[in-house]
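Here's the letter readout for the chains.
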Amino acid sequence: MTYTETKERSHRFVLALRMGLPIFLMSVIALYALFSQAHSTVASLVILALLLLAMAVYFLFFLINQSSYEHITEAISHTFTPEYFFRLFNRWTKRKIGTLVMISIDNLAGINERYGVKNGDNILQEITTHINDFFNAKEIKILPLCRYKGGDFILLLMGEKEIHTALVELFLAKYQDSLINEIEVKLSAVLLDTKHIKQPKEIVTRLYELQYANKEKKTFTDRDEIIPHELEKSVLYALELERYSIAQQVVSCDKRLMHEVSFKLVNEKGGLIHQSRFIPFLNRIGKIREYESSILEQVIKLTLQEGESYAVNLSSVTLRNGLFFQYALELLQRYPEAKGKVTLLFDEKEYCPQIKRFKEQIAQYRAVGYRIALDKYGVNHTTMMYLKEMEVDFVRFDALYTRHIKEEKYQNILQGLNITAHLCGVATWMNMIEDEESDKIALGLKINCRQGNYYGKIEVKEY
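The sections below set out a description of the structure shown in this document. (Residues numbered from 1 in each chain as written. Predicted model: local features only at pLDDT ≥ 70, side-chain atom pairs only at ≥ 80, totals over all residues. Heavy atoms only, no water.)

1. Section: the packing of aromatic side chains
In step 1: Overall, the coordinates contain 24 aromatic pairs when judged by the stated rule.
In step 2: Ring plane angle 75 degrees and centroid distance 5.3 Å describe the contact between F134 and F171, whose orientation is recorded as edge-to-face. Placement of F134 in helix α5 (residues 117–137) and of F171 in helix α6 (residues 161–175) is noted, with a sequence separation of 37 residues between them. For the residue pair F134 and F171, the accessibility class agrees, reading buried in each case.
In step 3: A ring pair is formed by F358 and Y386, whose centres lie 5.7 Å apart and whose planes are at 75 degrees; its orientation type is edge-to-face. With F358 in helix α13 (residues 355–368) and Y386 in helix α14 (residues 381–389), this residue pair connects regions lying 28 residues apart in the sequence. (Phe/Tyr/Trp six-rings, centres within 6.5 Å; stacked < 30°, edge-to-face > 60°. Helix = DSSP H or I, 4+ residues; strand = E, 2+ residues; numbered from the N terminus. Buried < 20%, exposed > 50% of the residue type's maximum accessible area, 1.4 Å probe, protein only.)

Structure below.
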């Protein structure tokens with residue numbers, strides 16, 4: 001029997017006592033009061049019995065109604081509800097450090113769509129069993145576990161995360177790619193302890209940030225030890241004063257050079273804050289447009305200082321923002337020398353539903369003097385869709401193709417994708433070229449722009 005089931009049974013027993021014990025005590029007191037009187041009659045006994053029955057029925061219905069608000073487990077996976085789980089969490093971690101592990105079924109939505117919700121519920125139950133069985137086998141008998149939402153399970157382990165990292169890694173090694181009832185199930189996990197974050201909402205938010213940041217990297221630990229409120233203070237400080245660390249890498253584009261730039265924030269002590277930490281925070285507080293407007297201005301100023309072309313990665317949501325476009329237009333009016341020297345690079349996982357409007361906006365960016373590049377070409381389906389819908393200047397191949405560029409099959413696919421882009425009137429771009437052999441293959445395939453350590457290492461400047 002799992003810890004969740006044991007806890008649920010004890011909760012029901014206590015609930016039954018709460019319902020029955022008061023009625024029993026009321027009956028005993030009433031009978032004692034009745035028979036202790038010298039002149040008790042049958043009529044008084046009947047009246048008292050009826051009153052007692054009415055009170056008992058009312059009290060039972062009242063407690064039954066109250067019990068509907070006191071569920072500690074949810075119906076599908078029979079794990080704790082989030083409310084009860086975090087009550088346990090607050091009690092257990094009051095004086096000790098605990099680690100929250102979030103195990104997610106990454107393809108639950110696809111399972112529900114392909115196999116039906118009933119099979120999706122069966123998968124949730126099977127994964128619950130796997131989690132309990134695995135940790136019970138590792139002598140962790142008391143395992144608070146809840147299904148937070150969808151296919152995301154959160155469990156509580158006592159101690160710092162370093163103690164449990166190997167255990168979670170072992171769980172993923174065993175169950176990461178499972179076949180349950182002939183259904184493929186893909187799992188991922190992230191974990192975080194309470195050394196620096198104490199509030200449940202903050203911890204859950206950070207777990208989801210880690211999940212989003214690590215999904216492609218297949219890692220699951222939080223190596224950044226910045227306390228959340230200090231991080232937020234540092235981000236706002238750096239954004240207000242425009243304290244940036246700018247990394248540049250040269251891109252060789254046929255007859256001219258371009259530089260790709262990326263930004264990190266610099267805190268009060270001179271330390272760097274990585275994008276994976278401050279971008280989610282800026283999204284939450286609605287300041288991502290302010291940040292990306294600021295870095296666009298920095299890039300335009302770089303073109304004036306250095307006299308060269310630059311590319312910067314921006315979010316597609318910001319590019320669609322009318323206020324951002326207005327500001328971008330004003331920047332080129334203020335600095336007309338930058339026209340044709342700034343490339344806005346973006347990618348998007350979900351196809352924009354208002355594609356006609358987005359297409360018009362991209363055309364407007366190009367009309368005022370910006371160049372547009374699509375990223376993750378060849379892997380991201382949305383990039384392929386946008387290539388046929390929009391007029392753009394560049395498409396950049398996903399790094400997957402660079403890593404396998406020496407393999408014949410990848411070269412064949414690259415050749416087809418490259419010809420497709422050229423027929424659409426778009427220049428092609430490949431990054432992460434590390435050696436001469438890879439560069440020769442890229443040149444042989446007639447890829448227009450090439451970038452990587454072979455052409456120049458990343459240079460960092462602070463502003």
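2. Structural notes on the layout of surface pockets
In step 1: By volume, the largest pocket amounts to about 2,200 Å³.
In step 2: Contributing to the lining of the largest pocket are 50 residues, with Y212, Q275, N313, D347 and K376 lying nearest its centre.
In step 3: Split by residue class, the lining of the largest pocket holds 21 nonpolar, 14 polar and 15 charged. (1 Å grid on protein atoms, 1.4 Å probe; cavity = no way out; pocket = protein on both sides within 12 Å on 5 of 7 lines; lining within 4 Å. Points joined across faces, edges and corners; volume = space filled by probe spheres on them. Nonpolar A, V, L, I, M, F, W, Y, C, P; charged D, E, K, R; others polar.)

3. What to know about the packing of helix α3 (residues 82–92) against helix α7 (residues 200–214)
In step 1: Orientation of α3 relative to α7, taken along the N-to-C sense of each, is 110 degrees, at an axis distance of 11 Å. With respect to α7, the element α3 is oriented roughly perpendicular. Here F86, F89 and N90 of α3 lie close against α7, whose contacting residues are P200, I203 and V204. (Axes fitted to C-alpha atoms, helices over the stretch in contact; angles between N-to-C directions. Parallel < 35°, antiparallel > 145°, perpendicular 65-115°, else oblique. Contact = heavy atoms within 4.5 Å.)

4. Topic: the environment of D398
In step 1: As for its placement among the helices and strands, D398 is situated in the loop between β12 (394–397) and α15 (399–403).
In step 2: By relative accessible area, D398 is classed as buried at 13%.
In step 3: Counting along the chain gives 23 residues from D398 to D375, while the straight-line C-alpha distance between them is 7.0 Å.
In step 4: Discounting residues that sit within four places of it in the chain, D398 has contacts with K376, Y377 and V379.
In step 5: In this structure the side chain of D398 is engaged in a polar contact, spanning 2.9 Å, whose partner is the backbone nitrogen of L400. (Polar contact = N/O pair within 3.5 Å; in protein donor to acceptor, adjacent residues only side chain to side chain.)

5. Concerning the side chain of T81
In step 1: Within the secondary structure layout, T81 lies in the loop between α2 (42–67) and α3.
In step 2: Setting aside anything within four residues of it in sequence, one finds T81 in contact with H71, I72, T73, E74 and C146.

6. Topic: the pattern of salt bridges
In step 1: Throughout the structure, instances matching the rule amount to 21 salt bridges.
In step 2: Here E74 makes a salt bridge to R147, at a shortest N to O gap of 3.2 Å. With E74 in the loop between α2 and α3 and R147 in strand β2 (residues 145–149), this residue pair connects regions lying 73 residues apart in the sequence.
In step 3: Classification of E74 by relative accessible area gives buried; the value is 15%.
In step 4: Here D393 and R366 are joined by a salt bridge, their closest N and O atoms 3.1 Å apart. Here D393, found in the loop between α14 and β12, pairs with R366, found in helix α13; they are 27 residues apart in sequence, far enough to count as distant. (Salt bridge = Lys/Arg side-chain N within 4 Å of Asp/Glu carboxyl O.)

Take it as geometry only, folks, not as evidence of what the structure does.
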